[in-house]
Amino acid sequence: MTTDSFKDLRTAPRPSAGTPAPMAGPAQAGRVATAGPAQAGRVQAAGPGAGANPGPDGPARLNRRPARRKGLSERNRPLWMLIPGGLLMFVIIVVPLLLGIFMSTLSLDQYTLRKWVSAPFIGVENFVEALTSSPLLHSVWLSVSYSLIAMVVTLPLGIAAAVATQNSFRGRAVVRSIFLVPYVLPSFVVATVWRTMFQPDGVIDSALGSVGIDAGLWLNGPQTFWTLVLVQIWASWPFIYLLALSGLQSVDHEVHEASALDGALWWNKLRYVVFPYLKGPLALAFLIGMLHHINNFTLPFVLFGVPAPADVEVLPILTYVTSFQSFRFGLSAAMAFVSLVLIAIPLFIYLRAVKLDDAETPGGKK
Amino acid sequence: MTATATAERTGAAPSFRPGSKRQHEVTRLLPGPLLACILVFLCALVLIPVAYIFLASVNSDIGVANGEFVPSTFSLENYGKIWSSVGLATGLANSVAVAGMTAVVSAALSIATAYVLVRYQFRGRLTALRGLLALQSVPGTLMVLPVFVLFSSSASYLGIQVIGTQWGLFITYLTFAMPFSTWVMVTYLRGLPRELEEAARIDGASNVGVLVRIILPLSWPGIVVSGIFAFLLGWNDVLFASVMTRPESQTAAVALQVFGASQEGGAIPLYGQMMAASLVCAAPVVILYLIFQRYLVGGLTAGGVK
């Protein structure tokens, strides 16, 4: 999979022969100097993968280092600047993540939560309960199917929108702004509004009633699943549109010329000439969109409230209800862990596909 | 092959200008009628619900409950009532304070972090970059319980009350905004030429000097994008706000939920006020977005995440 949307990141031009004369000396020196750590970075990047480093990684590097002149960027690295952000992310994300995993092995309820350190350790019992006698698997199924259905519908919508606004016409800027509105509105506002529209005898029912359709209940019962899918589609197609647009903008003009000269019909041109350019961005959009849908808490929470109807008890809702309505904190932590495993699948593919570094940045893989 | 060659030749011809009629014909992707259909359909899809928010917010509660699209009565009094009925004013003030603070601090921290990640080689650099992407996708529902426990432990062990204050919310949003904000800054800083920094160093600037005097003035677009995304994260959050706030520290998102809760009584819910409040909550975000649309869309596709 390619990630074309990452290709437009401009790369820093390297110092070249064209550098002004007074600068040439020092700049050149700087370049020679930076070559050192660049090399080191490359060795480091290749090391763990190839297993080429003899012995432990650390000592070998330390021994080699003094033999070489230290590079400009290595001598005085302000690594301390990483500390505030890094510490914050460590304390509020990594520590709670580990804490959550630890809590999933405890028997934790509203009585033991206050002294959670000394709560009874029960091993994998929470996981066993989550998988066998809780609605967890049903929730996993709901989450995955709802995310997929929403994604399958938003893809053509987003592509159509991108294709339609690619060529300039009068008022295009306005249309593009309009397209972004559902995406810009906060989720809780979107959900509140749709909740009002979907009320029994509300505006949607009366609109459908005027053409003779009695749709039944939207916010209760089995149809809630489709309500959730509909609202999710409404809220998230502009994201596909944005990424599809970035893909379309990477189509070279020569390609348009060529297909026009060949007299390609518009449909064939789209199918065989333009769509291949969209593959990368859309694959990316698919993965990120799936992650968003599976993680989406606000939309079902505000649309249906808690406790949610059984047909929209998606993973985030189930985890939340188990924690803050049933006060089964240990069980909830186990459920959260399961959802993390579920998330890890698209996330892993995404991380493999993303280009972390510029091609020109030393030490860059991929 | 021949087609490409011909295209190159015509490409050099003087008649070929961007925006000319001929060019328009060449790059056209859809036939006119189909294009019009798609545009009308999608605009209607977006605008009908949006128009409904406006119309319902000036309607009476009974009118909304009866499914009127165009109000039979028109009054702006809902916009006056929302401020007192559910404490929306407090909510908005808290939201602005927390999300605004998150935006500023996260932008400041992320530019320093991103600068080091982009310009310096160190052990674990790629892991850090990959971690930034991975942390963006950690589900909030997974984090809310442990973070809650961590914060309440800080009250019992360290004597610092975090739960229920704006500070707790601020720290949480700041942290969850950091991965994406930093990633946005990373993609932005990569585009800046190194020569300016090198020149500044030769003139004797320190690391902090380079960051403050060279990088900072050049990166305003990136800073705005990463700040706004951090703001949106705080503004849009319901999960943490609903667990970690008290009535006096609740955000606008939670205040809006009170309307939903108040309708369980059996009386007709305050639909009109609910829609008016929704509109008020959405307005700052939409305005921010429209002002910075160009930057934000670029930042979004570069970051690849909402």
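Predicted model only: the values in this text are computed from it and were never measured.

Before going further, it helps to examine the overall build of chain A. Helix and strand counts for chain A stand at 15 helices and 0 strands. For chain A, the proportion of its 366 residues judged to be buried stands at 41%. Sequence-distant contacts in chain A: of pairs separated by 6 or more residues, those separated by 24 or more amount to 71%.

Okay, the overall build of chain B next. The number of helices and strands found in chain B is 16 helices and 0 strands. When the 306 residues of chain B are sorted by exposure, 47% land in the buried category. Once local pairs closer than 6 in sequence are excluded, the contacts in chain B between residues at least 24 apart make up 73%.

In this section: the domain arrangement of chain B. All names here are of chain B. Each assigned domain of chain B is listed here: domain 1 (22-79) and domain 2 (80-303). One C-alpha centre belongs to domain 1, the other to domain 2; they are set 30 Å apart. Listed as interface residues are 12 residues of domain 1 and, on the opposing side, 13 residues of domain 2. Every element with two or more residues in the side of domain 1 that touches domain 2 is listed here: helix 3 (32-57), helix 4 (61-65) and helix 5 (77-85). By residue number, the principal contributor to the side of domain 1 that touches domain 2 is helix 4, which donates 4 residues. Classifying every residue of the side of domain 1 that touches domain 2 by side-chain character gives 6 nonpolar, 4 polar and 2 charged.

All names here are of chain A. Split by domain assignment, chain A resolves into domain 1 (16-75), domain 2 (83-122) and domain 3 (130-353). Using only C-alpha atoms to locate each centre, domain 2 and domain 3 end up separated by 32 Å. Facing the 10 residues of domain 2 at the interface are 8 residues of domain 3.

Turning our eyes to something else, we now look at the confidence of the model for chain A. Residues and elements named next belong to chain A. This prediction gives chain A a mean pLDDT of 75; 76% of its residues lie at or above 70. Across chain A, the secondary-structure element scoring lowest on mean pLDDT is helix 1 (residues 21-50), at 38, and the one scoring highest is helix 6 (residues 136-164), at 92. Confidence over residues 1-68 falls short of pLDDT 50; this stretch has 81 contacts with residues more than four positions distant or in other chains. In the predicted structure, residues 359-366 sits below a pLDDT of 50 and forms 24 contacts with residues beyond four places in sequence or in another chain.

Let's shift gears to the nonpolar core. Note on soluble globular proteins: their nonpolar side chains tend to be buried together. Core analysis: the biggest nonpolar cluster contains 171 residues, and A:V231, A:Y241, A:A244, B:Y115, B:A177, B:F229 and B:A277 have the highest contact counts within it. Discounting residues that sit within four places of it in the chain, B:A177 has contacts with B:T102, B:S106, B:F229, B:A230 and B:L233.

Residue and element names in this part refer to chain A. Packing of helix 5 (residues 125-133) against helix 15 (residues 329-353) brings their axes to within 9 Å, and their N-to-C directions diverge by 70°. If you check the angle between helix 5 and helix 15, you find them roughly perpendicular. For the pair helix 5 and helix 15, the contacting residues are N126, F127, E129 and A130 in the first and G330, L331, A334, M335 and V338 in the second. Its residues placed into classes, the contact of helix 5 with helix 15 shows 6 nonpolar, 2 polar and 1 charged.

Moving on, we come to helix 3 of chain B. The periodicity of an α-helix, 3.6 residues per turn, causes residues three or four places apart in sequence to face the same way. Residue and element names in this part refer to chain B. The end-to-end C-alpha distance of helix 3 is 37 Å, a good match for the 38 Å that 26 residues give at a rise of 1.5 Å each. Where helix 3 bends most, the angle comes to about 25°, and this point is L47, followed within four residues by the proline P49. Among all positions of helix 3, only L35, L39, L42, V46, P49, Y52, I53, A56 and S57 are buried.

Bringing the interface of chain A and chain B into the picture now. With 109 residues of chain A at the contact, the number on the chain B side is 106 residues. With 13 residues, the single largest contributor to the side of chain A that touches chain B is helix 4 (residues 82-103) of chain A.

Moving on, we come to unusual backbone geometry. Excluding glycine, a negative phi dihedral is what most residues carry, and trans is how most peptide bonds are arranged. All names here are of chain A. One non-glycine residue, D201, lies in the positive phi region at around 65°. Tracing the backbone shows D201 in the loop between helix 8 (187-197) and helix 9 (203-210). Despite not being glycine, F327 shows a phi value in the positive range, around 60°. Residue position: F327 is located in the loop between helix 14 (315-324) and helix 15. Residue F327 is classed as partly exposed on the basis of its C-beta count, with 14 C-beta atoms lying within 10 Å.

Reading the values: rules and limits
Residues numbered from 1 in each chain as written. Chains lettered and ligands numbered in written order. Predicted model: local features only at pLDDT ≥ 70, side-chain atom pairs only at ≥ 80, totals over all residues. Helix = DSSP H or I, 4+ residues; strand = E, 2+ residues; numbered from the N terminus. Buried ≥ 20, exposed ≤ 12 C-beta atoms within 10 Å, placed from the backbone. Contact = placed C-beta atoms within 7 Å. Domains from an automatic or database assignment. Nonpolar A, V, L, I, M, F, W, Y, C, P; charged D, E, K, R; others polar. pLDDT = per-residue confidence, 0-100. Core = buried A, V, L, I, M, F, W, Y, C linked by C-beta atoms within 7 Å. Axes fitted to C-alpha atoms, helices over the stretch in contact; angles between N-to-C directions. Parallel < 35°, antiparallel > 145°, perpendicular 65-115°, else oblique. Expected span 1.5 Å × (residues − 1). Bend = angle between axes of the 7 residues up to and from the residue.

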